[in-house]
Structure formats: structure tokens, C-alpha cells
Amino acid sequence: MTTALPRPAPEAQAFRAPAPSVRFARAEDAGRLVALSGPFVRAGALRERPLSLYAAHAADFLVAESPGGRLDGCVGLTVYPAGPVPGGAPTGVLYNFCVAERRQGCGVGSVLLSAALALARARSLGALFTATTGDGRLFERYGFGPAVPSAAPRSWAESLDPRRGARVLARAV
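So, how was this worked out
Residues numbered from 1 in each chain as written. Predicted model: local features only at pLDDT ≥ 70, side-chain atom pairs only at ≥ 80, totals over all residues. Heavy atoms only, no water. Pairing = 2+ DSSP bridges. Helix = DSSP H or I, 4+ residues; strand = E, 2+ residues; numbered from the N terminus. Contact = heavy atoms within 4.5 Å. Axes fitted to C-alpha atoms, helices over the stretch in contact; angles between N-to-C directions. Phe/Tyr/Trp six-rings, centres within 6.5 Å; stacked < 30°, edge-to-face > 60°. Buried < 20%, exposed > 50% of the residue type's maximum accessible area, 1.4 Å probe, protein only.

A. Quick look at the sheet that holds strand 4 (residues 91-99). Here we have seven strands laid out as an open sheet, ordered 1-2-3-4-5-7-6, and mixed in their pairing. At either end of the open sheet lies a strand with only one pairing partner, and these are strand 1 (21-24) and strand 6 (145-146). With five bridges joining them, strand 2 (residues 61-65) and strand 3 (residues 71-80) adopt antiparallel strand pairing. Pairing of Leu 62 across the sheet is with Val 75, part of strand 3. Relative to the sheet, helix 3 (residues 108-122) contacts strand 1, strand 2, strand 3, strand 4, strand 5 (127-132) and strand 7 (167-172), its axis offset from that of strand 3 by approximately 25°.

B. Representation of the pairing of strand 7 in the model. Examined bridge by bridge, strand 5 and strand 7 share six bridges and lie antiparallel to one another. For Thr 130, the partnering residue across the bridge sits in strand 7 and is Leu 169.

C. Seen up close, the packing of aromatic side chains. Tallying each qualifying case throughout the model produces five aromatic pairs. Centroid distance Tyr 54 to Phe 61: 5.6 Å. Interplanar angle 45°. Geometry classified as tilted. Residue classification places Tyr 54 among the buried positions, given a relative accessible area of 2%. Arranged with centres 5.3 Å apart and planes meeting at 70°, the rings of Phe 61 and Tyr 95 form a pair that is edge-to-face. Here Tyr 95 lies in strand 4 and Phe 61 lies in strand 2, a separation of 34 residues in the sequence. Overall, Phe 61 belongs to the buried group, its relative accessible area being 0%. Linked through ring pairs, Tyr 54, Phe 61 and Tyr 95 together constitute an aromatic cluster.

Put into C-alpha cells, the structure is as follows:
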């Protein structure tokens, strides 16, 4: 007589959406960038920006796009010229970083942040800054840490609204 030992059931394959591709936004993406950012604006996590700003600064944005053409996330990268320190490198600021709710927890934020860091290296930036009203864990996993606003590009630091309670984070590139 043969005794069969119980075996665990094979794990069901979890549904995994294909990884998004990352590209630069185009002016015609402006309406989709507004729509993608809208829930975060309403929640107070992002500043409201007009359609015209997204259109005019589309080249600042990296977008994560699903194979079906939907925008899954975006992040803006503004480059500021080197400061008064001789030999200083230009500095970047990441802004308007968001991932569609349906794609959160699927690695889209990591894909976007990796692409933004690669772009910062390609542009020979010395440091990257960002401000977040969230927990900042994704940024911390990528080497960002707390920073004082006075270390950031002045015009950006002065534009921060203290009522929002955002934390400034930075990392060397």
C-alpha cells in the first residue's frame, strides 16, 4: 500500500500587468498629466498645476506608459544651473511624482524613479532634491535622506508652501 503525502497546492499565478515603458512626455500628454495628477491634488499631496504648465514643460516629465497606452505615473525633473561654488554641478528637483491608484504597489514608482536617476546622471547633476507629503519610503530606498531647504535651489525652496508640511529630501547623484 502506498501512502500519498499531502503536498501544498501549487501557488496561483498572481496577475501581473506588464511593466510600463518610460518615455518623455509630449505637449499632447498635458491633459492626461492633469488627469493623472488630479487625485493627488485633491488629496493635498500635489500642488495644482494648470494644463498650460504641463504642456509648456512636458519635456521635464518622464511618464510610465502601459502597453495599452495608459499613463501609469509621471515625475518631473527640473534642472537648476550650478550655484556660486566654483566647479559646482547643476542640481535637479523631482516634482509632481505620482502613480495611478490602479498601479500603486506594482513597481511603477520604482521604474520612474530609476529612470529619473539615470537621467540625472546623464545630465551630470550633482544632487537631486524633492519634497514629499508622504512617508518618503520609496525615495529613502533610492538613497534620499532629509535635507534642509536652504541647501536646495533657492527659487524652488522659496516656492515650498510650509502649510503643506512637506519634507525636503535629497541625494547626491
